[in-house]
Amino acid sequence: MAKLASPSDLFGGGYTGNLLAPQHNREKVYAWFQKKHEFGTTLIDPDGYYVSGSHSWRVPYGVRQAMSVPLVHSQIVNQFPFAVTWISPKDGRRYKKKTMHLISAIHLIATQVQYVDPTASIIARSTGYTVPPKLRGKLPRTMNGHMVYWCPHCMDARRFRRRDDRTFYAQKKFWSAEKQRYVWKEVKLACLYCQVCGISNQNMKFRVSNQPYEKVRIKSGVRRVGRKRARAR
Ligand SMILES: [Zn+2]
């Protein structure tokens, strides 16, 4: 690592684009990225604000949750696992700037982009995040007259809209009054797309995040393993 002029030298190797070059696919390099990622959390105050000089920006809850968990493999081998996106007031078009770390995306919004578009947001490009524990079972819901869903790549609640006539089949939870519990049913659904990052509601993490959540209660004294075995017999 010491011989490298910049972390970007870890990537590409001249023929692999933005992927981690094979010779750097080592534990030490992985640890460096995790450490850098962890360090980011120390720059956010207890109220969720990132402050740099005279700039300050409230980091969304979902982004803070993403910072509190380690990076996954696909985020380390990708040079730009995150991006900042905003709409320019000049031409009304959406722009994106890829970043190497979550904290660099936060810094970019806090110091520049929030002044161009106050609704600027961060996108997790290489992997999505399922809904954080605090918001489980609370989405989708109506906010300001619109239905919002948990977007795994925006790490926030977002509007999803139709773009074409596509439909698909998926399992969905429905409350059964008769059984007094949720049951899964296969239903035909319209394809919806996130207005900010573009993912669809077919995304696996979207599907698990936007469902009613139930707490599994385990009675004391009952060993679940034993019960399973008994049923198998
Ligand atoms: Zn999104």
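Our structure's up above, just so we're on the same page.
My aim in this report is to walk through the structure given alongside it, one point at a time.

About the criteria used
- Residues numbered from 1 in each chain as written.
- Predicted model: local features only at pLDDT ≥ 70, side-chain atom pairs only at ≥ 80, totals over all residues.
- Pairing = 2+ DSSP bridges.
- Helix = DSSP H or I, 4+ residues; strand = E, 2+ residues; numbered from the N terminus.
- Axes fitted to C-alpha atoms, helices over the stretch in contact; angles between N-to-C directions.
- Buried ≥ 20, exposed ≤ 12 C-beta atoms within 10 Å, placed from the backbone.
- Contact = placed C-beta atoms within 7 Å.

1. Some words on the sheet that holds strand S8 (residues 156-158)
Spatially, three strands are ordered S6-S7-S8 in an open sheet, and the strand pairing comes out antiparallel. Two strands close off the open sheet at either side, each with one partner strand: strand S6 (141-143) and S8. Between one strand and the next, the sheet's axes are offset by a mean angle of 50°, whatever the strand orientation. Here S6 pairs with strand S7 (residues 146-151) via three bridges, running antiparallel. Pairing of Thr 142 across the sheet is with Met 147, part of S7.

2. Structural notes on the sheet that holds strand S4 (residues 94-99)
Strand order in this open sheet of three strands is S4-S3-S5, and the pairing throughout is antiparallel. The outermost strands of the open sheet, each flanked by one partner alone, are S4 and strand S5 (121-124). Across the sheet, the mean angle from the axis of one strand to that of its neighbour is 30°, orientation sign disregarded.

3. Digging into the environment of Lys 188
For Lys 188, the location among the structural elements is in strand S11 (residues 181-190). For Lys 188, a count of 8 C-beta atoms within 10 Å corresponds to the exposed category. Along the chain, Lys 188 and Phe 168 lie 20 residues apart, while their C-alpha atoms are 5.7 Å from each other. What Lys 188 contacts, discounting residues up to four positions off in sequence, is Thr 167 and Tyr 169.

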